[in-house]
Amino acid sequence: MSEYDFDRVIERRDAGSVKWNRYPSGVLPLWVADMDFAAPPAVTRALQRRVAHGIYGYRFAPDSLAEAVLDHVRDRYGWAIEADWLVWLPGTVPAIHAACRLVEPGAPVLSTTPIYPPFLDAPRNMGRALVKLPLIRGGGQDVLDLDRFEKTFTPQSLFLFCNPHNPTGRVFSEAELTDLAECALVGGGLIVSDELHADLVLEPGLRHRPLAAIAPELAKQIITLFAPSKTFNIAGLGLGYAVIPDAALRRRLEAAIAGILPYVNVLAYDAVEAAYREGRDWHAALIEYLRDNRDRVTDVLGELPGVKAKPPEGTYLYWMNLRGTGIENPVQHLEQQGVGLSDGAAFGAPGFARLNFACPRATLNEALQRIAAGFA
Ligand SMILES: Cc1ncc(COP(=O)(O)O)c(C=O)c1O
């Protein structure tokens, strides 16, 4: 038995939750990537200590946090990075937008589809040309279409990559990443590798490997994004970081965000350091709980006619194809049944939906019952 109580149902509607307050009270929200679990106790203790200080002025990132990050990235992903390579961010979506400004106006910005919606919005918002690279089926999996990538990835372009992949939950293998890196080196454009879900690998035997670690030769081309926000459920604290080994590229991103992004929240630094330094047991228990939740979803979806879905290797997001249900707007239909899912249309895949299973088992069971009834 875990000493952490992931079964505990915590009321969130009275806390102005983006996730919960989007819907009327009869709907269980299983959409945005935000978990219904309390953060690790060490995080809350660190915040309480910082709040007690009473002064909340602008603050640099402490060296001790950089050390915690270096240890985390080395121990978890086998990548030895340096403190100088880090750029602290109050959120990673603004950095994705800023990265679009590193290529010329109108230049191609490539993104796999389906994909986390800001990848589709950022190029458009920044006046660049979105080029979609649909994932294709290979060996029963969603895989990158490297032929198409090779044809479109030029020195003028930017590729927005996501691994582990939101929404499919793919954890790309070392072999797949090596092939991608080879093509990327030849193509010569820039890459943003968003690896925010790196600590949420659920499949035993799989390990997250950063693209930049697999191919150090890509250093001049690659910006890797990480954040503890998904792993430790602290997205509202607003802290992420870019790892950019190449000094010139780092300066370009820093120039692109200067004056646009504020300093990181003064409280977030302590919370993140505590999470990385003291959150390991909590994290291990979380992964077990999420794995069980994932398997429960697999069992239920497997029984539903017209629903096609593959268990995610990573993330706490379940991507499902509902086109075979014969229901015209399945997400709206499920909302009427009392379950709020993310609509695949926003990810570039109408007729699909994404279910967030990072919630107490009682909530998940109730939602699954409603889904089953809705498709019965
Ligand atoms: C792949 C991916 N990148 C970036 C983000 C944004 O995270 P944050 O708000 O912590 O910067 C999310 C959030 O869901 C995500 O799934």
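These figures come from a predicted structure and were not determined experimentally.

Colleague: Summarise the overall build of the protein chain; cite the residues concerned and give the values.
Modeller: What the protein chain contains, in helices and strands, is 12 helices and 15 strands. The globule rule puts the C-alpha radius of gyration for 376 residues at 21 Å, and the 20 Å found for the protein chain is close to it. Judged by the C-alpha coordinates and their principal axes, the protein chain covers about 55 × 55 × 40 Å. Across the 376 residues that make up the protein chain, the buried fraction comes to 46%.

Colleague: Give me the domain arrangement of the protein chain: which residues, what numbers.
Modeller: Parsing the protein chain into structural domains produces domain 1 (13-41 + 280-375) and domain 2 (48-278). The straight-line distance from the C-alpha centre of domain 1 to that of domain 2 is 25 Å. Each partner contributes to the interface: domain 1 provides 25 residues, whereas domain 2 provides 28 residues. When contributions to the side of domain 1 that touches domain 2 are tallied by element, the ones reaching two or more residues are helix H10 (280-302), strand S12 (317-321) and strand S15 (352-356). Tallying contributions element by element places H10 first for the side of domain 1 that touches domain 2, with 5 residues. Split by residue class, the side of domain 1 that touches domain 2 holds 15 nonpolar, 5 polar and 5 charged.

Colleague: With reference to specific residues and values, describe the environment of Glu217.
Modeller: Take Glu217: it is sitting in the loop between helix H7 (211-214) and strand S9 (222-226). The spatial distance from the C-alpha of Glu217 to the C-alpha of Leu185 is 7.8 Å, given a sequence separation of 32 residues.

Colleague: Help me get a handle on the sheet that holds strand S4 (residues 129-134), residues and values and all.
Modeller: Pairing is mixed across the open sheet formed by 7 strands, whose spatial order is S2-S10-S9-S8-S7-S3-S4. Here the strands that pair on one side only, and so sit at the sheet edges, are strand S2 (86-89) and S4. Averaged over all pairs of adjacent strands, the angle between strand axes in this sheet comes to 20°, irrespective of strand direction. Of the strand pairs in this sheet, strand S7 (residues 158-162) and strand S8 (residues 190-194) are connected by 5 bridges, and their pairing is parallel. Bridged to Leu158 within S8 is Leu190.

Colleague: Now, about H10: what can you tell me, with residues and values included?
Modeller: A rise of 1.5 Å per residue sets the reference length of H10, with its 23 residues, at 33 Å; its end C-alpha atoms lie 33 Å apart and thus fit the reference within 8%. When H10 is considered as a whole, its buried residues turn out to be Trp282, Leu286, Tyr289, Leu290, Asn293, Arg294, Val297 and Leu301. Contacts from the buried residues of H10 go to strand S11 (308-309), S12, S15 and helix H12 (361-375).

Criteria and cut-off values
- One numbering rule holds for all chains: residues counted from 1, following each sequence as written.
- It should be noted that, the model being predicted, local features are given only for residues of pLDDT at least 70 and side-chain atom pairs only at 80 or more, the latter also being counted only at that level, while totals for whole chains, interfaces and linings use all residues.
- Helix and strand labels come from DSSP, where a helix needs a run of H or I of at least four residues and a strand needs a run of E of at least two; each type is numbered from the N terminus.
- Radius of gyration means the value over C-alpha atoms here, while the globule rule gives 2.2 Å times the residue count to the 0.38 power.
- Think of it as a crowd count around each C-beta: if 20 or more other C-beta atoms lie within 10 Å the residue is buried, if 12 or fewer it is exposed, and in between it is partly exposed, with C-beta placed from the backbone throughout.
- Where each domain starts and ends comes from a domain assignment, either automatic or drawn from a database.
- Throughout, a pair of residues is in contact if the C-beta atoms placed from their backbones lie within 7 Å.
- Side-chain classes are defined by residue name, with Ala, Val, Leu, Ile, Met, Phe, Trp, Tyr, Cys and Pro counting as nonpolar, Asp, Glu, Lys and Arg as charged, and the others, Gly among them, as polar.
- Following DSSP output, two strands are said to pair if at least two bridges run between them.
- The convention used is that axes are lines fitted to C-alpha atoms, helices contributing only their stretch in contact, and that angles between N-to-C directions extend from 0 to 180 degrees.
- Given the number of residues in a helix, its expected span is that number minus one, multiplied by 1.5 Å.

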